[in-house]
Amino acid sequence: MSAEELSSSASSSSDETLERDPSFKSAEGGGVDERLGSVRLEDEGDVEESRSDRVEDRGGEAVVESNGHGGDEGECGEESLVVETEVGDASGDLGSGVGGDGAVVERDAGEGDGDDGGDVPVLKTAEVVGSEVVGEGSRPGLEVGSEWRRNRTRSNSEIEMDDEQSPSSSGYAGERGSSNGAASSASDINEIVEDDEIREVGDVDGANGGIDSQSDWVPGKRHADEDDASISWRKRKKHFFILSNSGKPIYSRHGDEHKLAGFSATLQAIVSFVENGGDRLNLVRAGKHQVIFLVKGPIYLVCISCTEEPYESLKGQLELIYGQMILILTKSVNRCFERNAKFDMTPLLGGTDIVFSSLIHSFSWNPATFLHAYTCLPLAYATRQAAGAILQDVADSGVLFAILMCRHKVISLVGAQKASLHPDDMLLLANFVMSSESFRTSESFSPICLPRYNPMAFLYAYVNFLDADSYLMLLTTSSDAFYHLKDCRIRIETVLLKSNVLSEVQRSLLDGGMHVEDLPTDPSLKNRTLSPRVGHDSQGTFRESAAGIGGPSGLWHFIYRSIYLDQYVSSEFSSCLRSPRQQKRLYRAYQKLFASMHDKGIGPHKTQFRRDENYVLLCWVTPDFELYAAFDPLADKGQAIKTCNRVCQWVKDVENEIFLLGASPFSW
Amino acid sequence: MGLSAVDNVSEELQICIFDLRRGQYEGQELDKILFFFPVDSPFSVQLSVIGLSEGLITFTRIFSPEASCEVIEADKHSHVFYEAEPDIWTVMIVMKDKELEAVWRTEALRKVLKEIHSLFKMFHGSIRSLLEREPDGRLIRSSLFSFIMDYLKDFLVGKKLHLPSFRDSLQERGTVQMLTVGREAAIEVQSLVKTIEASAGVPTCYSLILFQDLLVSSTLHPEDTINLFTYAILRLSPHAMSPGVRSWSYLRKGSGATHPTVGTVSTSSSSISDVYGSLSTSGTDRNSTFRPLQSGKWARGKDPFLTTDIWGLEDGASSSRTPTAWLQEEKMYLCAYQHKSLTLILLLPVSSISNGEQGITAVKHQVLENASVKILKVEEKLSKGWGGENAYHVAGYRYLLVDGDRHASRASPPGKVTTLTKESLLALNTLREQVDLEKNRAKWDDPHKETNLEVSIRAKNNAWVIARLARGKELYMVLEKANETLLYASDAVEKFSNKYCNGAFSLD
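Rules used in this analysis
- Residues numbered from 1 in each chain as written.
- Chains lettered and ligands numbered in written order.
- Predicted model: local features only at pLDDT ≥ 70, side-chain atom pairs only at ≥ 80, totals over all residues.
- Heavy atoms only, no water.
- Helix = DSSP H or I, 4+ residues; strand = E, 2+ residues; numbered from the N terminus.
- Buried < 20%, exposed > 50% of the residue type's maximum accessible area, 1.4 Å probe, protein only.
- Contact = heavy atoms within 4.5 Å.
- Areas by Shrake-Rupley, 256 points an atom, 1.4 Å probe, with all protein chains shown as cover.
- Buried area = accessible area lost by both parts, 1.4 Å probe.
- Salt bridge = Lys/Arg side-chain N within 4 Å of Asp/Glu carboxyl O.
- Phe/Tyr/Trp six-rings, centres within 6.5 Å; stacked < 30°, edge-to-face > 60°.
- Lys NZ or Arg CZ within 6 Å of the ring centre and 35° of its normal.
- pLDDT = per-residue confidence, 0-100.
- Domains from an automatic or database assignment.
- Polar contact = N/O pair within 3.5 Å; in protein donor to acceptor, adjacent residues only side chain to side chain.
- UniProt positions renumbered as here; feature names shortened; annotations may be inferred.
- Core = buried A, V, L, I, M, F, W, Y, C linked by side-chain atoms within 4.5 Å.
- Axes fitted to C-alpha atoms, helices over the stretch in contact; angles between N-to-C directions.
- Left-handed = near helix turned anticlockwise from the far one by under 90°.
- Nonpolar A, V, L, I, M, F, W, Y, C, P; charged D, E, K, R; others polar.
- Expected span 1.5 Å × (residues − 1).
- Pairing = 2+ DSSP bridges.
- Parallel < 35°, antiparallel > 145°, perpendicular 65-115°, else oblique.

Once that is clear, we can look at the overall build of chain A. Helix and strand counts for chain A stand at 23 helices and 16 strands. Taking all 668 residues of chain A together, the buried fraction comes to 63%. Contacts in chain A between residues at least 24 apart in sequence constitute 69% of all its contacts with a sequence separation of at least 6. Of the accessible surface of chain A, which amounts to about 23300 Å², a share of 52% is contributed by carbon and sulfur atoms.

This part covers the interface of chain B and chain A. It is common to give the size of an interface as the accessible area lost on bringing the parts into contact. Contacts between the two partners involve 44 residues from chain B, matched on the other side by 47 residues from chain A. It is Phe59, Phe63 and Arg441 of chain B in chain B that bury the most area against chain A; as a group they hold 17% of the surface buried on that side. Seen at the junction of chain B and chain A, the total is six salt bridges. Among the salt bridges present, the one from Glu454 of chain B reaches Arg611 of chain A, with a minimum N-O distance of 3.2 Å. Broken down by secondary-structure element, the contributors of at least two residues to the side of chain B that touches chain A are helix H2 (43–63), strand E3 (71–74), helix H13 (422–445), strand E17 (453–458) and helix H14 (486–500) of chain B. Examining the composition of the side of chain B that touches chain A, we find that nine residues originate from one element, H13 of chain B, more than from any other.

Attention now goes to the packing of aromatic side chains. Tallied over the entire structure, the rule returns 39 aromatic pairs over all chains. Members of the aromatic cluster, each reached through a chain of ring pairs, are Trp233, Phe241 and Phe263 of chain A together with Phe59 and Phe63 of chain B. Cation over ring: Arg432 of chain B sits above Tyr476 of chain B, and NZ or CZ is 4.4 Å from the ring centre.

Considering every residue of chain A, the mean pLDDT works out to 71; 63% of them sit at 70 or more. pLDDT under 50 marks residues 1–213 of chain A. Its contacts with residues more than four places away, or in other chains, come to 370 contacts.

A word on the domain arrangement of chain A. Residue and element names in this part refer to chain A. Domain parsing of chain A yields domain 1 (179–369) and domain 2 (381–510). With 19 residues of domain 1 at the interface, the matching set in domain 2 holds 17 residues. Inspection of the domain 1/domain 2 interface yields zero salt bridges. One can count seven residue pairs in polar contact (both at pLDDT 80 or more) joining domain 1 with domain 2. Sorting the residues of the side of domain 1 that touches domain 2 by element identifies helix H11 (311–329), helix H14 (353–362) and helix H15 (368–371) as the ones contributing at least two each.

Here, UniProt's "domain: FUZ/MON1/HPS1 third Longin" (unreviewed entry) annotation points to residues 554–654 of chain A. This span, residues 554–654 of chain A, is 35% helix and 30% strand, and a straight line between its end C-alpha atoms measures 22 Å.

Membership of the largest hydrophobic core comes to 118 residues, with the highest contact counts inside it found for Met325, Met345, Leu450 and Leu474 of chain A. The element contributing the most residues to this core is H11 of chain A, with 11 residues. Looking at which domains feed residues into this core, each of domain 1 (179–369) and domain 2 (381–510) of chain A supplies at least three. Beyond its immediate sequence surroundings of up to four residues, Leu474 of chain A is in contact with Val394, Val399, Phe401, Ala402, Tyr460, Ala461, Tyr462, Leu485, Cys488, Arg489 and Ile492 of chain A. Core analysis: the second largest hydrophobic core is formed by 76 residues, Ile375, Tyr392, Leu475 and Leu479 of chain B among them.

To continue, consider the packing of H11 of chain A against helix H17 (residues 423–435) of chain A. All names here are of chain A. Running from N to C, H11 and H17 cross one another at 65 degrees; their axes reach a closest spacing of 10 Å. The handedness of the crossing between H11 and H17 is right-handed. Contacts between H11 and H17 involve Leu320, Gly323, Gln324, Leu327 and Ile328 from the first element and Asp424, Leu427, Leu428, Leu429, Asn431 and Phe432 from the second. Of the residues that constitute the contact of H11 with H17, the class distribution is seven nonpolar, three polar and one charged.

We now examine the domain arrangement of chain B. Residue and element names in this part refer to chain B. When cut into domains, chain B gives domain 1 (13–161), domain 2 (176–243 + 297–385) and domain 3 (398–501). Centre-to-centre separation of domain 1 and domain 3, based on C-alpha positions: 30 Å. The interface is formed by 10 residues belonging to domain 1 together with eight residues belonging to domain 3. Both faces considered, domain 1 and domain 3 share a buried interface measuring about 750 Å² in area, 44% of it formed by carbon and sulfur atoms. When residues of domain 1 are sorted by the area they lose upon contact with domain 3, Val103, Arg105 and Glu107 head the list and together hold 55% of the total.

Time to look at the pattern of salt bridges. All chains considered together, the criterion is met by 43 salt bridges over all chains. For the salt bridge of Glu309 of chain A with Arg588 of chain A, the shortest nitrogen-to-oxygen distance reads 3.4 Å. Here the residue Glu309 of chain A occupies a position in the loop between strand E5 (299–305) and H11, and Arg588 of chain A occupies one in helix H21 (residues 580–597), the gap between them amounting to 279 residues. The salt bridge partner of Lys449 of chain B is Glu613 of chain A, with a shortest N-O separation of 2.9 Å.

A separate point is H2 of chain B. End to end, H2 of chain B covers 31 Å across 21 residues, agreeing with the expected 30 Å (1.5 Å per residue, within 8%). Buried within H2 of chain B are the following residues: Gln46, Val49, Ile50, Leu52, Ser53, Leu56, Ile57, Phe59, Thr60 and Phe63 of chain B.

This next bit is on the environment of Asp224 of chain B. Residues and elements named next belong to chain B. In this structure, Asp224 sits in helix H7 (residues 222–236). Ignoring any residue separated from it by four or fewer positions in sequence, one finds Asp224 in contact with Phe229, Leu327 and Gln328. At 3.4 Å, the side chain of Asp224 forms a polar contact with the side chain of Gln328.

In this section: the sheet that holds strand E14 (residues 607–611) of chain A. Spatially, 11 strands are ordered E6(A)-E13(A)-E12(A)-E16(A)-E15(A)-E14(A)-E17(B)-E18(B)-E19(B)-E15(B)-E16(B) in an open sheet, and the strand pairing comes out mixed. Taken across any chain shown, the strands that pair with only one partner, and hence form the sheet edges, are strand E6 (374–375) of chain A together with strand E16 (408–411) of chain B. Summarising the sheet, E14 of chain A and strand E15 (residues 616–621) of chain A pair through five bridges and their orientation is antiparallel. By the bridge assignment, Thr607 of chain A is partnered in E15 of chain A with Trp620 of chain A. The sheet strands contacting H21 of chain A are strand E12 (555–562), E14, E15 and strand E16 (625–631) of chain A together with E17 of chain B, and the helix crosses E15 of chain A at an angle near 40 degrees.

Quick look at the sheet that holds strand E11 (residues 470–476) of chain A now. All names here are of chain A. In space, the five strands of this open sheet follow the order E8-E7-E11-E10-E9, with antiparallel pairing throughout. In this open sheet, the two strands that pair with only one neighbour each are strand E8 (409–415) and strand E9 (444–448). Shown here is a sheet whose adjacent strand axes are inclined to one another by a mean of 20 degrees, direction ignored. Alignment of strand E10 (residues 459–465) against E11, held across six bridges, turns out to be antiparallel. Bridge pairing in E11 links Ala461 to Leu475. Here helix H19 (residues 482–498) sits on the sheet and contacts strand E7 (401–406), E9, E10 and E11; the angle it forms with E11, its principal contact strand, is near 145 degrees.

Residue and element names in this part refer to chain A. Where H14 contacts H17, the two axes come as close as 9 Å, and the packing angle between them is 125 degrees. What the angle tells us is that H14 and H17 run oblique. As for the relative orientation of H14 and H17, their crossing is right-handed in sense. Across from Ile354, Val355, Ser358 and Leu359 in H14, the residues of H17 making contact are Leu428, Asn431, Phe432 and Ser435.

Within H14 of chain A, 10 of the 10 residues are buried, which leaves it mostly tucked inside the rest of the structure. Buried within H14 of chain A are the following residues: Asp353, Ile354, Val355, Phe356, Ser357, Ser358, Leu359, Ile360, His361 and Ser362 of chain A.

Glancing now at the pairing of strand E1 (residues 238–244) of chain A. Two faces belong to every sheet, and in a regular strand the side chains alternate between them. Residue and element names in this part refer to chain A. Burial analysis of E1 places seven of its seven residues in the buried class, which makes it a mostly covered element. Of the two faces of E1, the one lined by Lys238, Phe240, Ile242 and Ser244 and the one lined by His239, Phe241 and Leu243 are each fully buried. With seven bridges connecting them, E1 and E5 associate as antiparallel partners. From the neighbouring strand, Leu243 faces E5, where its bridge partner is Tyr300. Bridging between E1 and strand E2 (residues 249–252) involves three bridges; their strand directions are antiparallel.

Now the structure itself:
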């Protein structure tokens, strides 16, 4: 990245903060009632300029539905025009300061960032943009990208009436209106689906029966009609809140944030009361309930849960929710609070309910949320190699990260030299893309922030779904790289089609991963390939006699996490764990086991054996790997240990297929 | 040693007792506070503590009406809550400090609060009843003040209060420790109990017999047994009464009790006596200041019964009043008799002794006449069979066995537990914390269901840390010199279970 570009990107990030501020100020100045709708869009254009269309859409959406959020923004509009000149002036002064700040941030991001930046080719022809838009007007996503780019080339003071812009362009079409309009209908469905999440007194165990499986799950806002006065709301098993340090609600999993203002203020009061005493509040326990607090600068995150999850797990979940917020906004949102303590952040996150609810849902089924590792789709070594090779090609041309995924599993990924991607960032990014319906319908170019990579700066993600399940994400530091990335995608897609990677992916989806019933019973019969379903006889495996009892020695399930690869593999659920409720319970048991093994003060422990009424659980932590295995509660200890050894051997035998090996960018 | 000795040492501990029904109006919040330690804390600090506590009690009730705030964990402090009586809360705030070994188990701290309240209630009656008797709160404040300060002195080691920390993970407060006796001795004890209760000549009469610091027999309600046993260990047993003799009981950890200095309570500022009333023992209102936990106050009297002037002197006479205690809502005379290592406590309902001290003297006389030979015999028998303070040591094991049904526990002798490394004890402390959570949770889910659980952890230092819950019993164990396999550790537990727990934790 040239110095010029560096400074421009730095100043654009400073613009972003500067520009948002006026709206914050105005939010403070005026009440919610003041609405200046006509200026609103201009304001949005400004406010979001460096942030992409996404937020513009959100503003639009708010206006379409009601005057709710829109009003806030609208009122900002007028003032922002005024303030903007001030800001413009100020940026003269601040420019160096803030810009410098930005540059520092860039450096903070690591050498990788800087180095890679140098390779980023920048497409700058506005004409091309225009023609693309016309040519592919039917693909709203593209339009977005281009629209967005056009916005970026405009000066700060230049304002455009964008309300005719395609609503789906943001990657938020799916959840459009979910916070209000759609929510009411969604909540009807939710009522049915999640009703049993309300604890019945005396029938606690009956709660959650079979509701939370991935397929049953309905995305979006939960129970928007409820507030803290509703009994049903109080009985929800798990609440998540984001609020500002002035007590303004930002997000609530259940219920309407605006109605929860009083409750939010209470949470804030509790946190600051303890802070004023020179301490920091972490946890309050009451009967089956835990209230977990996480303070991140001006942002407070709170979880209220009566699930049996340990404190460490719930705290980790709050960290991820915060990370998801940073992914959407970057940490520079803190500056808004520095300038205006009463800043209302809800409009900035408007429409992202679905991203958070999907993340929260993953806390009850996705082991990546507590293992801090990612998982790969099982594929033949050659197939993954083929995918990796083409991604590597692209990465060499200035892409920071090229990630090919199928649902939540990685097919292959490649990073530019020295750049490493944290598994938590992958989880949050995949959740962001997977939960937003519009990413599926169009190619998109969206600013995102990887909180573990650099929480202060935006990267730009080109996202394209290659089929219903598989999608490609190309990440770059350059805001102008859309057409280059589009070209890359075309090249990649062509190669993937030619080499049948995508059809292999579909087949792997059908076959599933490791089945405990296939665990080789005789260690001498090395089962070098993973899937006996595909051209492998079942000799030496347990499958035939195993109907209903899982694998050998009562093995029901296992998770193997490779420490140095930062990857894990989770077996398919055996027939003993067919119901979603059983699966969720096992997931929670693993979560507890993980927390207990990784105690901050004294861990990690080496081995743990645990027998309760539901399972025998065995955990084995070594410097190379961690194994978590679940057995029938009556399983024999000695047999279980032997079986664990065989599982480890089996995983090693098929590691070529289940892990992404030798991924060069991972140099940690 | 005056009570102020305790005040000065402790910035790392706060204890607060407050009544949510008092001080409802703004400006009257101080009226809620019945006790605060350290006593000379500024009112602003006291108000801040009850403010937060009350706030969180109210807040948690939104979601958890059946059980409000139990613990607050902050970076630097833990706040442990215990609702002693409806709307009367005790809160303990301890400072966390890894360096200073201030690593606690919440449940262990809560049991301290529970013990304070149970003992207080045994001697003074319930806090609510005292408040009803004197609504201005002076009586309850002065009673709580002297009582808790006396109690805390037992935790004083040097200039520091040693609350139960991770080093005490192989102990269980609120349980009794039993002496194992042979069949023959058991029959004799049984016969002694019958003789005593028969010779008391009153319709109901209870007894509690201890040998050294161990319980031999009790005919009391289990709850009363625990309270009286605890009190006996703290103040009545031969160890408690002989200054300088080292006790192995964890209840008597501090040196405070072993160097008793009779003195009046000194208070460090006038505001304290304003709040808590006059604390001088020579005060005229003996009820407001009597201090059942004051150390060094029990002695052998002219008859072999133990005497104390804690309960004051008989009107117009020089002899002491007989102590009384509330057991299951009934006021009882408490007569303690000691012969060598044997301590016998006799409890007689006040209502059944018509002529007060005279009646008591008659009963004592009667009991001695009928039972003294048996007492000698039983003491002799128990002494012979007694294996010393390491009697319950099992080589290779460091363990704690808790029998929930009998409220009894047995553990490796503290002297042996100190050989364990800090890492092992920390790991055990954490494991016990997890088990506590699971037990509490199971209790909420289904109070009648037994938790069955087996957890074996091989810690970073290669020690096996084990918890087993089965059939209402709990076993916690640390095996430091065990072979590295899980099977070896399981086998060791199995052997222990078969040999010492009647197979309670064995698989079949």
